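Close look at the chain arrangement
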Amino acid sequence: RKGGRVFALAMFVRLQTALEKQAAKAENNADNFKNARQLLSKLAQDLERGKESNPHCEKQVSMVRTMYENMLTCEQELCDKKDSLREAEKWMNSNNYNSETVEWDKELSRMNEEVKGKKASENKSKFKDEMKMYDRKIWNINHRGEAMDGEEDEELVVLEAKLQLKCPISGTYLEKPMKNLSCGHYYSKDSIMNLLRRKGSASCPMAGCTARVTKKSLKYDQTHEREVAKYLKQLLKEQSDKKADLDFTQAME
């Protein structure tokens, strides 16, 4: 029995040392990938600067971007590995090292999958942000101050999510928005007045809202009207630009 406990302790120490070395190695390799990504970013920027004199620039920049993406993926995987190894160290230190029944390989595999699951959403968000920063650096070489392809769409989606732009009664964009001071929701003036003309007072038409609305609780909001107008102007411009691009493409075919 004593010999078994001594063996378990020896195995524990060896495994702990191995975990520490592997975690340090994973961290070092992740740093190497990060440094390599920085070099690729500089290479892509240099290629973009010579765009006019290099007929293969677009293809080369695209290839560098793919390499950058792959390195970022490897870097994230190494960071996950490092974190799972660190978690394994903590787990070992908090458990009885004398246990001769622990299946270390299964425990390490389980913790690795657990760390990956926890960080999946975070990694996806970080990956998207990193690639956006990369693309912006390349874009700024020849297009500083201009919106990248797709950015205007993204801004419109954010704006629409942030602001209430449509009337919950008519389902159309707000016209002469009236704010319900009881809950902060907006309605088009004609729509809400027609509703109150029939009922005098009513529950807020916004789904899920339990506030009441009356003529006295309504206030015309000119600032919000300007926000809606600004959004619609931007939306129309984008649709016009897309139509112009489509017409040009069809004309060239």
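Not measured: the values here are computed from a predicted model. (Residues numbered from 1 in each chain as written. Predicted model: local features only at pLDDT ≥ 70, side-chain atom pairs only at ≥ 80, totals over all residues. Heavy atoms only, no water.)

A short note on the overall build of the protein chain
Applied cut-off: Secondary structure elements follow DSSP: runs of H or I no shorter than four residues count as helices, runs of E no shorter than two count as strands, and numbering proceeds from the N terminus. Each residue gets one of three labels from its accessible area relative to the maximum for its type: buried under 20%, exposed over 50%, partly exposed in between, using a 1.4 Å probe on protein chains only. The contact rule is simple, with two residues in contact once any of their heavy atoms fall within 4.5 Å.
The helix and strand tally for the protein chain stands at six helices and five strands. Each helix and strand of the protein chain, placed in order from N terminus to C terminus, yields the pattern α-α-α-α-β-β-α-β-β-β-α. For the protein chain, the residues scored as buried account for 29% of the 253 residues in total. Sequence separation of at least 24 residues holds for 62% of the intrachain contacts in the protein chain that already meet a minimum separation of 6.

Some points on the packing of aromatic side chains
What counts here: Pairing of aromatic side chains requires ring centres within 6.5 Å, counting the rings of Phe and Tyr and the six-membered ring of Trp. Pairs whose planes differ by under 30 degrees are stacked, by over 60 edge-to-face, and all others tilted. Here, a charge over a ring means that NZ of Lys or CZ of Arg falls within 6 Å of the ring centre while also lying within 35 degrees of the ring normal.
Counted under the stated rule, the structure contains two aromatic pairs. Each ring, one from Y173 and one from Y231, has its centre 5.9 Å from the other, and the planes form 45 degrees; the classification is tilted. Linking Y173 in the loop between helix 4 (151-162) and strand 1 (177-180) with Y231 in helix 6 (residues 222-252), this pair joins segments that are 58 residues apart in sequence. We classify Y231 as buried; its relative accessible area is 3%. One Lys or Arg, K166, reaches over the ring of Y173 and ends 5.1 Å from the middle of that ring.

Quick look at the sheet that holds strand 5 (residues 218-220)
Test applied: Between any two strands, pairing holds if DSSP finds at least two bridges. Throughout, an axis means a line fitted to C-alpha atoms (over the contacting stretch in the case of helices), and angles, computed between N-to-C directions, take values from 0 to 180 degrees.
Strand order in the open sheet formed by three strands is 2-1-5, and the pairing between neighbours is antiparallel. Among the strands making up the open sheet, the edge pair consists of strand 2 (186-188) and strand 5. The mean angle between the axes of side-by-side strands here comes to 35 degrees, regardless of whether they run parallel or antiparallel. For strand 1 and strand 5, the ladder comprises three bridges, and the chain directions are antiparallel. Bridged to K179 within strand 5 is K219. Across the sheet, helix 5 (residues 189-199) lies against strand 1, strand 2 and strand 5, angled at about 90 degrees from strand 2, the strand it touches most.

Quick word on the side chain of R37
Along the chain, R37 falls in helix 1 (residues 2-49). Setting aside chain neighbours within four positions, we find R37 in contact with Y68, M71, L72, E75 and E130.

Comments concerning the pairing of strand 1
Pairing between strand 1 and strand 2: three bridges, direction antiparallel. Bridge pairing in strand 2 places M178 opposite Y187. Remark: five residues form the turn of the hairpin made by strand 1 and strand 2, two consecutive strands paired antiparallel; G184 in that turn has positive phi of roughly 90 degrees.

A few points about the layout of surface pockets
Put simply, the rule reads: Grid points spaced at 1 Å over the protein atoms alone were grouped into cavities, where a 1.4 Å probe fits but cannot get out, and pockets, open sets with protein on both sides within 12 Å along at least five of seven lines, with lining residues defined by an atom within 4 Å of a point. Grid points are joined across faces, edges and corners, and a volume is the space filled by probe spheres set on the points. Three categories are distinguished: nonpolar for Ala, Val, Leu, Ile, Met, Phe, Trp, Tyr, Cys and Pro, charged for Asp, Glu, Lys and Arg, and polar for the others, with Gly belonging to the last.
In this structure, the largest pocket occupies an estimated 310 Å³ of space. If you go around the largest pocket, you meet 13 residues; those closest to its centre are E48, V61, D135, I138 and W139. Mapped by element, the contributors of at least two residues to the lining of the largest pocket are helix 2 (57-94) and helix 3 (104-143). Looking at the lining of the largest pocket residue by residue, the classes come out as six nonpolar, two polar and five charged.

Some points on the state of the cysteines
Rules: Cysteine sulfur atoms that come within 2.5 Å of each other are treated as a disulfide pair.
Within this structure, the stated rule accounts for zero disulfides. No disulfide involves C167; its nearest neighbouring cysteine sulfur is the one of C204, lying 10.0 Å away. Lacking any disulfide linkage, C204 is separated from the closest cysteine sulfur, that of C209, by 3.8 Å.

Structural notes on the nonpolar core
Side chains of a nonpolar character, in soluble globular proteins, are inclined to be buried together. Let me state the cut-off plainly: For this analysis, a nonpolar core means a set of buried residues of the types Ala, Val, Leu, Ile, Met, Phe, Trp, Tyr and Cys, connected via side-chain atoms within 4.5 Å.
By size, the foremost hydrophobic cluster in this structure holds 20 residues, and its most contacted members are Y187, I192, V213 and L218. In terms of nonpolar packing, the next biggest core, distinct from the first, is built from eleven residues, A44, L72, M131 and Y134 among them.

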